Number of protein chains: 2
Amino acid sequence: MNFIEELNHLSVLIDKYLAKYFEQYDDPFENNILESMRYSLFAGGKRIRPVLSLSTAKLLSGSLDDIMPFAAAIEMIHTYSLIHDDLPSMDDDDYRRGKLTNHKVFGEAMAVLAGDCLLNEAYELLMQTALNAGNKMKHALDAAYFIARAAGKSGMISGQVIDMESEDKTVSFETLKQMYRRKTGALLKASVIAPAFYFNVPASIMDALNEYADGIGLAFQIKDDILDVESSTEELGKPVGSDEKNKKTTYVTLFGFNEAKNKLSTAVKKAVDAIMPFGEKAWFLKEMAFYIEKRAY
Amino acid sequence: MNFIEELNHLSVLIDKYLAKYFEQYDDPFENNILESMRYSLFAGGKRIRPVLSLSTAKLLSGSLDDIMPFAAAIEMIHTYSLIHDDLPSMDDDDYRRGKLTNHKVFGEAMAVLAGDCLLNEAYELLMQTALNAGNKMKHALDAAYFIARAAGKSGMISGQVIDMESEDKTVSFETLKQMYRRKTGALLKASVIAPAFYFNVPASIMDALNEYADGIGLAFQIKDDILDVESSTEELGKPVGSDEKNKKTTYVTLFGFNEAKNKLSTAVKKAVDAIMPFGEKAWFLKEMAFYIEKRAY
């Protein structure tokens, strides 16, 4: 199997798990909130985070079934954050991935609640999973707790706050790094580290996976900064980069286009080097790092 | 100690715990979100839910320290729900308990995030508590999972959805009961049941506490319905009841004022009867049921 085939294969597995997970609910008093949650959960996301979790499970020769609830919970948390980010009071976006955003379809109140409910559902699933994990209960809880911290005040949420507060002004490199590490890096990292906790890996493997996850998290963000410029210069007819319009500080504004590309390559190399010791088993995570570097959208 | 003294004593214990809990954080990148969270958490709430948790711990001769994290997590979840309920897209309230609502002070985007973060923080605290619970890990997780379900799609959130969908129209008694049970009843119930799970009580005690919690949850809501009418008829100068203005279905509109009062007494009696077998130890929970019946606000 090549990279794209495996990527599609794993993301189909996740779609199936999520679809089946929500099929178990049919209380008429819950149908409306569930419809709104499902709308965004199945709005065409690339499933990068849960794919990372499953491929880490494979790297560790662990069962995909064991990791599926963690992968699904992470995707629910990611989806809740997108619904709330798109709200009129936040980024005020009408479309995401070519589809109307949640609040444009279900109204703002329902979008707030659908986001809340996806976050809560992630924790219901994580706790249920830990309760059913038998003698792996503690490891399941370690994994769930790592995810919770990635989603909370020291992760995604303070990242979003820093982002909001950085609008229309130049921020320091340190602030930019903190924002990136929290806003996107933390949950990407949890996607790799949660399985490692669940399978209770030794410290050396944990260290390697931490370094890999930090590398791809940073690469993901620098690539976003580069794409924002590339699409405006290479694809004529499209609007000028939103970062420039919003006077955002990015790797490109701080270091220039070429140096940003260098820093992207360095981050990817760091990630790839970290998982070298795993040999052939790490092929997919390695290709994922290159995929993040080369993606065109 | 009389009831009011004990109520104040327990609520001061909770305030102290929550204050100390948030003192441990001083990352400058998290200060703004924490300030917004703390604003609503210390906005003068009566702490009914965590007080119920602590007094249930006392009833079961359990340690208050053991139950404090669960009580605090429940109060965080309650507070997040108030912040989101007050948002312009939801109830659009400028004041709560005489203080400006979160979004009036910090802006709508920060209010959405402060709510999100309080919900997430509750789960971080619950998971951390379970991880540190030693051989009581499973019982701590049972308690946490019960709280999570009370907060989620089968509890508070679908209750709020039913409430939104019931505006300006008459709903059935069944729908009203479902709405009350979910929107307010579920988390009140979790306040009593979470300690019971943590202390791993036998089925007969669990049944009694379930019946007590159902009784006070229903009483709480019927009393709200009655107060909405009483304040408009007895306290001249105040605006007419908001339920009537919003054409809401309530126990008063469905059954009339006197029959609603009868149903309130029945619910309180059911709650009190359920905990009779505990004898003197149940004095506070018994007084709490009467307090809910008699409160003037």
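Fair warning: this is a prediction, and the values are worked out from it, not measured in the lab.

Regarding the overall build of chain A
- The helix and strand inventory of chain A stands at 14 helices and two strands.
- Seen through its C-alpha atoms, chain A measures out along the principal axes to roughly 50 × 50 × 35 Å.
- With 297 residues in all, chain A has 49% of them scored as buried.
- Put simply, of all contacts in chain A between residues at least 6 apart along the chain, 71% involve residues at least 24 apart.

With respect to the environment of Ile67 of chain A
All names here are of chain A.
- Position of Ile67 relative to the elements: it lies in helix 4 (residues 64–86).
- Between the C-alpha atom of Ile67 and that of Glu167, which follows or precedes it by 100 residues, the distance is 37 Å.
- Setting aside chain neighbours within four positions, we find Ile67 in contact with Ser53, Leu54, Ala57, Gly62, Pro195 and Tyr198.

Overview of helix 7 (residues 137–151) of chain A
- Taking 1.5 Å per residue, 15 residues should reach 21 Å; helix 7 of chain A reaches 21 Å between its end C-alpha atoms and fits that length.
- Burial analysis of helix 7 of chain A places eleven of its 15 residues in the buried class, which makes it a mostly covered element.
- Buried residues along helix 7 of chain A sit in contact with helix 4, helix 6 (108–131), helix 8 (156–165) and helix 9 (173–198) of chain A together with helix 6 (108–131) of chain B.

Regarding the domain arrangement of chain A
Residues and elements named next belong to chain A.
- Partitioning chain A into structural domains gives domain 1 (1–169) and domain 2 (202–297).
- Summarising the inter-unit geometry, the C-alpha centres of domain 1 and domain 2 are found 22 Å apart.
- Taken together, the contacts link nine residues of domain 1 with 13 residues of domain 2.
- Breaking the side of domain 1 that touches domain 2 down by element, the ones donating at least two residues are helix 1 (3–23) and helix 3 (48–59).
- Counting residues per element, the side of domain 1 that touches domain 2 draws most heavily on helix 3, at four residues.
- Taken together, the residues of the side of domain 1 that touches domain 2 break down into three nonpolar, three polar and three charged.

Observations regarding helix 8 (residues 156–165) of chain B
- The element helix 8 of chain B is extensively covered by neighbouring structure, given that seven of its ten residues are classed as buried.
- Of all the residues in helix 8 of chain B, the buried ones are Met156, Ile157, Ser158, Gly159, Gln160, Val161 and Ile162 of chain B.

A word on the relation of the copies chain A and chain B
- Overlay of chain A on chain B (RMSD 0.0 Å): rotation 180°, translation along the axis 0.0 Å. Considering both components of the superposition, the chain copies are consistent with a two-fold axis.
- An overlap of 100% is found between the interface residues of chain A and their copies at the interface of chain B, pointing to a shared contact surface.

As for the environment of Asn120 of chain B
Residue and element names in this part refer to chain B.
- By the secondary structure assignment, Asn120 is in helix 6.
- Taking the C-beta count within 10 Å as the criterion, Asn120 has 27 such neighbours and is therefore assigned buried.
- When the C-alpha positions of Asn120 and Lys281 are compared, they lie 34 Å apart, and in sequence the two are 161 residues distant.

Here's the deal with the nonpolar core
- Core analysis: the biggest nonpolar cluster contains 189 residues, and Ile147 and Ala219 of chain A together with Ile147 and Ala219 of chain B have the highest contact counts within it.
- In this structure, this core is formed jointly by two domains, domain 1 (1–169) and domain 2 (202–297) of chain A, each of which donates at least three residues.
- Leaving out residues up to four positions away in the same chain, Ala219 of chain A has contacts with Leu264, Ala267, Val268, Ala271, Ala289, Ile292 and Glu293 of chain A.

Digging into the interface of chain A and chain B
- With 43 residues of chain A at the interface, the matching set in chain B holds 43 residues.
- If one sorts the elements of the side of chain A that touches chain B by residue count, helix 6 of chain A sits on top with 15 residues.
- Here the side of chain A that touches chain B is built from residues that sort into 24 nonpolar, ten polar and nine charged.

Section: the confidence of the model for chain A
- Summing up the model confidence of chain A, the mean pLDDT is 94 and the portion of residues at 70 or higher is 96%.
- As a predicted assembly, this complex carries a pTM of 0.96 together with an ipTM value of 0.96.

Here's the deal with the packing of helix 8 of chain A against helix 6 of chain B
- Contact geometry for helix 8 of chain A and helix 6 of chain B: axes closest at 10 Å, N-to-C directions at 165°. Here helix 6 of chain B runs roughly antiparallel to helix 8 of chain A, going by the angle between their axes. Here the hand of the crossing between helix 8 of chain A and helix 6 of chain B comes out left-handed. Along its contact with helix 8 of chain A, which presents Ile157, Gln160, Val161 and Met164 of chain A, the element helix 6 of chain B presents Ala109, Leu113, Asp116, Cys117 and Asn120 of chain B.
- Of the residues contributing to the contact of helix 8 of chain A with helix 6 of chain B, the split by class is six nonpolar, two polar and one charged.

Focus: unusual backbone geometry
- Even without being a glycine, Asn200 of chain A presents a positive backbone phi close to 55°.
- Tracing the sequence through the fold places Asn200 of chain A in the loop between helix 9 and helix 10 (203–234).
- For Arg97 of chain B, which is not glycine, the phi torsion reads 50° and is therefore positive.
- Relative to the assigned elements, Arg97 of chain B resides in the loop between strand 1 (95–96) and strand 2 (99–100).
- A count of 11 C-beta atoms within 10 Å places Arg97 of chain B in the exposed class.

A short note on the environment of Leu176 of chain A
Residues and elements named next belong to chain A.
- Relative to the helices and strands, Leu176 resides in helix 9.
- Overall, the presence of 21 C-beta atoms within 10 Å leaves Leu176 in the buried class.
- As a C-alpha pair, Leu176 and Ile205 span 29 residues in sequence and 29 Å in three-dimensional space.
- Apart from residues no more than four positions distant in its own chain, Leu176 is found in contact with Val171, Thr249 and Leu254.

Thresholds, definitions, all that
- Per chain, residues are indexed from 1 in the order of the written sequence.
- Lettering for chains starts from A, numbering for ligands starts from 1, and both go in the order in which the items are written.
- Note on the predicted model: pLDDT of at least 70 is required for a residue's local features to be given, and 80 or more for side-chain atom pairs to be given and counted; whole-chain, interface and lining totals, by contrast, use all residues.
- Helix and strand assignments follow DSSP, with helices taken as H or I runs no shorter than four residues and strands as E runs no shorter than two, numbered in order from the N terminus.
- Three exposure classes are used, based on other C-beta atoms lying within 10 Å of a residue's own C-beta, which is placed from the backbone: buried for 20 or more, exposed for 12 or fewer, and partly exposed in between.
- Here, residues touch in the contact sense if the C-beta positions derived from the backbone fall within 7 Å of one another.
- Between the first and last residue of a helix there are one fewer steps than residues, each counted as 1.5 Å, and that sum is the expected span.
- Residue ranges assigned to the domains are those given by an automatic or database domain assignment.
- By the convention adopted, Pro, Cys, Tyr, Trp, Phe, Met, Ile, Leu, Val and Ala count as nonpolar, Lys, Arg, Asp and Glu as charged, and the other residues, Gly among them, as polar.
- For this overlay, a least-squares fit was computed on C-alpha atoms, restricted to residues scoring pLDDT of at least 70 in both copies.
- Here, a nonpolar core means buried Ala, Val, Leu, Ile, Met, Phe, Trp, Tyr and Cys residues linked by C-beta atoms lying within 7 Å of one another.
- Confidence of the predictor in every single residue is expressed as pLDDT, which spans 0 to 100.
- Note on method: axes are straight lines fitted to C-alpha atoms, helices fitted across the in-contact stretch only, with angles between N-to-C directions ranging 0 to 180 degrees.
- Each angle receives one of four descriptions, namely roughly parallel if under 35 degrees, roughly antiparallel if over 145, roughly perpendicular if within 65 to 115, and oblique otherwise.
- Crossing handedness is defined as follows: a turn of the near helix away from the far one that is anticlockwise and smaller than a right angle gives a left-handed crossing, while the clockwise case is right-handed.

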